[in-house]
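The residues making up each chain are set out below.
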Amino acid sequence: PLALERKLQGMFRLLGLKGVTGMALAGIDMAAWDALARAQGLPLARLLGAERDRVPAYNSCGLGMIGSHDAPAEAEHLLVHGFEAIKVRLGYVEARTDVEVVWAVRRAIGERVALMADYNQILSVAEAVRRTDALQDEDLHWVEEPTLADDYSGHAQIRSRTRIPVQMGENWWGTHEMAKSLAAGASDLGMPDAMKIGGVSGWLRAAALAEAAGMPVSSHLFPEVSAHLLAATPTAHWLEYVDWASPVLQSPLRIELGQAVVSDRPGTGIEWDEDAVAHVLVT
Ligand SMILES: [Mg+2]
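Figured I'd write up the structure that's included with this text. (Residues numbered from 1 in each chain as written. Predicted model: local features only at pLDDT ≥ 70, side-chain atom pairs only at ≥ 80, totals over all residues. Heavy atoms only, no water.)

**Considering the pattern of salt bridges**
Think of it this way: side chains of opposite charge can pair up when their charged atoms draw near.
For step 1, the next point in the chain: On inspection of all chains with the given rule, the structure shows 17 salt bridges.
For step 2, the next point in the chain: Its salt-bridge partner being Lys87, residue Asp118 comes within 3.7 Å of it at the nearest N-O pair. With Asp118 in strand E3 (residues 114-118) and Lys87 in strand E2 (residues 85-89), this pair connects stretches of sequence that are 31 residues apart.
For step 3, the next point in the chain: On the basis of relative accessible area, Asp118 is assigned to the buried category, the value being 2%.
For step 4, the next point in the chain: The network of salt bridges with shared partners includes Lys87, Arg89, Asp118, Glu144 and Glu240. (Salt bridge = Lys/Arg side-chain N within 4 Å of Asp/Glu carboxyl O. Helix = DSSP H or I, 4+ residues; strand = E, 2+ residues; numbered from the N terminus. Buried < 20%, exposed > 50% of the residue type's maximum accessible area, 1.4 Å probe, protein only.)

Have a look at this one:
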């Protein structure tokens, strides 16, 4: 995988590949690491030097922009399997509504559960400062992508003016973008996406950058592979849990007491349920 990965990284950097092509290259990288781990008879995490077999996870299977009326019931539902952390999407027309939704969720989940908030890049820098001001006493675990993902200086301005930890990274396309983000002081926390950062190889480099910067690292989507990657990440923080792939997997990622259980099967542990795949295949 390392030789292949050097070629892929070179293509990433020379051609500035993003989007579908970059994702495909990362997929090939992940498949190559999976094959190597299987050939060694080791779970990917162990091949990468990890000793832990559990990773703290937050339940991201919901709490879209559903408003303060419906949010409490859904928030309670997300605490199944012992989850102790969930995430709510914000960015309503009125700042007041953001606060009301957070209040409603907090009332439902109690004080002990960690609550993250995600703006998905929707605010201007000025509006983000205004809204994080309004939310500063709500004990948010982080505020994610409050403004445009490639506006590192904008994120740094927001970060300098709020006490809520600023989270970003799901849109870092390769470690060279992550390095620029770190240099700009854009965020307190980082959350590379295994696919956009360049697969397993890109993640390992990202984990090294974060470790040197003392930055806690969370994952974005792809929980089945991300569990292995976080287990091998020195500053591992939270795994984002979604169950999107579970219907087509033989052994979906297990969550026990709010922790993702890293598969002990060789490779990533991903085995397709071929019947289920055939059922949903579009030809
Ligand atoms: Mg996000």
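Structure's up, so let's keep going.
**Some details on the pairing of strand E1 (residues 54-59)**
For step 1, the next point in the chain: Inspection of the sheet shows E1 paired to strand E9 (residues 259-261) by three bridges, in the antiparallel sense. Each residue of the ladder has a partner; that of Val55, found in E9, is Ala260. (Pairing = 2+ DSSP bridges.)

**Digging into the coordination of the magnesium ion**
For step 1, the next point in the chain: Surrounding the magnesium ion are the protein donor atoms Asp118 (OD), Glu144 (OE) and Glu170 (OE), which sit 1.9 to 2.2 Å from the metal.
For step 2, the next point in the chain: Positions of the donor residues of the magnesium ion, expressed as sequence spacing, correspond to D-x25-E-x25-E. In this pair, Asp118 sits in strand E3 while Glu144 sits in strand E4 (residues 142-144), placing the two residues 26 residues apart along the sequence. Comparing Asp118 with Glu144, the two get one shared label, buried. (Donors = N, O, S within 2.8 Å, 3.2 Å for Na, K, Ca; no water.)

**Observations concerning the environment of Gly67**
For step 1, the next point in the chain: In this fold, Gly67 is placed in helix H4 (residues 67-77).
For step 2, the next point in the chain: Taking relative accessible area as the criterion, Gly67 reaches 16% and is therefore assigned buried.
For step 3, the next point in the chain: Apart from the residues within four sequence positions on either side, Gly67 is in contact with Tyr92 and Val101. (Contact = heavy atoms within 4.5 Å.)

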